[in-house]
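These are the residues of each chain, in order.
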Amino acid sequence: MRLESTAAVLLVAGTLARGAGQEAFSESAAERDARMQWWRDARFGMFIHWGIYAVPAGVYKGQAVDGIGEWIMNSARIPRDEYEQFAREFNPSLYNADEWVALAKQAGMKYIVITSKHHDGFALFDAKNSRYDVVDATPYGKDILRPLSDACARQGLKFCTYHSIMDWHHPAQLPAKMTEDGRPVWNPTRIAEGRKPEFIDYMKGHLEQLVREYGTNVLWFDGEWLDWWTDQDARDIYGWLRAMNPSLIVNNRIGTGRGGMGGFTQEGAFAGDFGTPEQEIPDTGVPGLDWESCMTMNDTWGFKSQDHNWKSTETLVRNLIDIASKGGNYLLNVGPKPDGTIPEASVERLREVGRWMAVNGAAIHGTRAAPFRPAWGRITAKPAEGKLFLHVFDWPADGRLVLPAVPGRPRRAYLLTQPGTALKVTGEPGAADWVISIPASTPDPIAAVIALEIEGS
Ligand code: FHN
C-alpha cells in the first residue's frame, strides 16, 4: 500500500519521530541529524545478497524453483540437514572484495549492505558462537565479510550488514508447519518452547561481532515478521546496539510494525532510524522521515541462474533520481554467483550507471528532496548552496524548459555536461513559469541535468 494522503504521511512521520528510539536511546534532534548525515548525503548504496543459496541458484533436484533465490530452502521445503550440503559446495575462489567495492564506488554508491546471515541461518563471517559459517563449514574456509569491510575502509565506502531475525537453521526456531509428506515449511518460524532467550543471546553474539569486529555502520534487520518477535524486543536490541556504538544506524525492520505501509512503520511501533520500502518508490517523500527503497536489478535478490529479467540502465538511473528527488536512498541489489563473481549483466549496468554519475553525481550526492515535481522529470535540491538540479527525462522540443514558481531570483543555469555555458533564464521571484532556454536536443536521453543557482531562495 502506498502512503496516499498527506495526513497518513505526516502521521507516519510523527510516529517515526517519536518512535525513532527515543525510549530505547536518548538523542537530541541535532545529534540524530549528525548521525544520519553521511547516510542522507550518500543517497545510493549497493545491496549484496550472497550465501550458500547461490549454489542451487534457483534449481533443486533438477527442477526450477519458483520464488526469489535466497528463499530456496523454504520454497523447495528443504530440511536443514539436506540444505547444509550446499555449504560443502560453496567455494567462491574468484571472490575479490576490492573489485566489488571498486565496482560500487565507480557506480556512485557510497555504502554497501551485505547479508551477514539471511533467513537460512548461514553466516558469511567467522561466527564465534556457531560453526554454520563460511569459515568452518565450506571448502572455501575463509571469512567473506572481513575482506569486504577492509576494502570499504581502503576505498572510502561505508561497510554495512544485513541480518535476519528469522533463522531456518538454529534449533530454537521451528518450521511454521510440515507438508503432508513431512517436509518443512519454514516461513514464518515458530519459537521452541522456552528457547527464545537462547536464540536472542545467539543473535546478540552475531550482532556484537558485526559491530565490534567488522565495524558495521548500518544494521539492516530483516525477517522480523514473526509472532514471537515483539516491539519490546526491538527496543531492547536497538538500545543495546546504540550503547555499543552511538553512531550506528538501524533500519525499521528491527521492529514489528513494517506491515503493509509500503515499508514504513505503523503508528506506535518502534521504527528504528529509517523506513524500508521494498521493490517500490513512495509516491512522495515524507518530510522529517528517512527512508531507503531497496530494489533488485532483475527479479531476485539471491542469484538465480535462470533469472534474466534485467532492468534497463535508464530505469536504474531514473529510479535513483526519483528516489533522491523525494529525499530517499536507493539500495540497489546484486546477487553474486557461487564462484564469487557478480553477474555480468549487473556489472554492465553498474558501469553504465557509473558513467551517468561521473557527470551528474553532484545532482544526487548531498541533495535533499525538492518541494515540487515537474511533468518533464524530477528536481533535487542543495538548499545550503542555493541550487536546484533539474533532471530532464522528457526534453521539450520547443527549446523552453518551464519551471513552476521558484522562491528567490534566478542567478545562473547550466547543463552539467557543459558547466561553462550559461543558459538564458527568465523569471521573477515567486512568479510562476520561469523559463530556461535549452538546446534543441538533449545531451543525455537517460536524464540531462541542468543546475539552477538561485539567490535568496
Ligand atoms: O525475505 C527477504 C528477502 O529475501 C530479501 O532479503 C528482502 C530484501 O529487502 N527482504 C525480505 C522480504 O521483505
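I will try to describe carefully the structure that is included in this document. Since this is a predicted model, take the numbers as computed values, not measurements. (Residues numbered from 1 in each chain as written. Predicted model: local features only at pLDDT ≥ 70, side-chain atom pairs only at ≥ 80, totals over all residues. Heavy atoms only, no water.)

Here we come to the pattern of salt bridges. Summed over the entire model, instances satisfying the criterion amount to 30 salt bridges. Between Glu 224 and Arg 258 there is a salt bridge, with its nearest N and O atoms 2.8 Å apart. Of this pair, Glu 224 sits in the loop between strand 10 (218-222) and helix 9 (231-244) while Arg 258 sits in the loop between strand 11 (249-250) and strand 12 (292-295); the two residues are 34 residues apart in sequence, bridging distant segments of the chain. Of the charged contacts in the structure, one is a salt bridge between Lys 326 and Asp 322, with a shortest N-O distance of 3.1 Å. This pair shows no difference in class: Lys 326 is buried, exactly as Asp 322 is. When salt bridges with common partners are traced through the structure, they connect Glu 27, Arg 32, Asp 33, Arg 35, Arg 40, Arg 242, Asp 273 and Asp 290 into a single cluster. (Salt bridge = Lys/Arg side-chain N within 4 Å of Asp/Glu carboxyl O. Helix = DSSP H or I, 4+ residues; strand = E, 2+ residues; numbered from the N terminus. Buried < 20%, exposed > 50% of the residue type's maximum accessible area, 1.4 Å probe, protein only.)

Moving on: empty space enclosed by the protein. Counted according to the given criterion, the structure contains 2 cavities of 30 Å³ or more. Taken as a whole, the largest cavity holds about 60 Å³ of empty space. Looking at the largest cavity, the residues that line it are Met 297, Asn 298, Thr 300, Phe 303, Lys 304, Trp 310, Asn 333, Val 334, Gly 335, Pro 343 and Ser 346. Residues of the lining of the largest cavity, tallied by class, amount to 5 nonpolar, 5 polar and 1 charged. (1 Å grid on protein atoms, 1.4 Å probe; cavity = no way out; pocket = protein on both sides within 12 Å on 5 of 7 lines; lining within 4 Å. Points joined across faces, edges and corners; volume = space filled by probe spheres on them. Nonpolar A, V, L, I, M, F, W, Y, C, P; charged D, E, K, R; others polar.)

On to the site of the ligand. Inspection of the region around the ligand gives 16 residues, with His 49, Glu 70, His 119, Asp 222 and Glu 278 positioned closest. For the ligand, an oxygen atom lies 2.7 Å from a polar atom in the side chain of His 49. For the ligand, an oxygen atom lies 2.9 Å from a polar atom in the side chain of His 118. Protein coverage of the free-state accessible area of the ligand, which is 330 Å², stands at 93%. (Near = heavy atom within 4 Å. Polar contact = N/O pair within 3.5 Å; in protein donor to acceptor, adjacent residues only side chain to side chain. Areas by Shrake-Rupley, 256 points an atom, 1.4 Å probe, with all protein chains shown as cover.)

This next bit is on the layout of surface pockets. Left-over empty space is what a probe sized like a water molecule reveals as it rolls over the atoms. Roughly 430 Å³ of internal volume is contained in the largest pocket. Where the lining of the largest pocket is concerned, the elements lending two or more residues are strand 14 (368-369) and strand 15 (377-382). When the residues that make up the lining of the largest pocket are grouped by side-chain class, the tally is 9 nonpolar, 5 polar and 8 charged. Structurally, the lining of the largest pocket is a two-domain feature, drawing no fewer than three residues from each of domain 1 (3-363) and domain 2 (370-455). (Domains from an automatic or database assignment.)

Our next topic: unusual backbone geometry. With an omega dihedral of -10°, the bond running from Asn 187 to Pro 188 counts as a cis peptide bond. With respect to the helices and strands, the residue Pro 188 is situated in the loop between strand 8 (184-185) and strand 9 (190-191). Even without glycine at this site, Ala 57 takes up a positive phi of about 55°. If you trace the backbone, Ala 57 turns up in the loop between strand 1 (44-48) and strand 2 (59-60). We classify Ala 57 as buried; its relative accessible area is 6%. Here the phi dihedral of Lys 61 falls at roughly 50°; this positive angle occurs in a residue that is not glycine. Counting through the fold element by element, Lys 61 comes out in the loop between strand 2 and strand 3 (63-64). Judged by relative accessible area, which is 66%, Lys 61 ranks as exposed.

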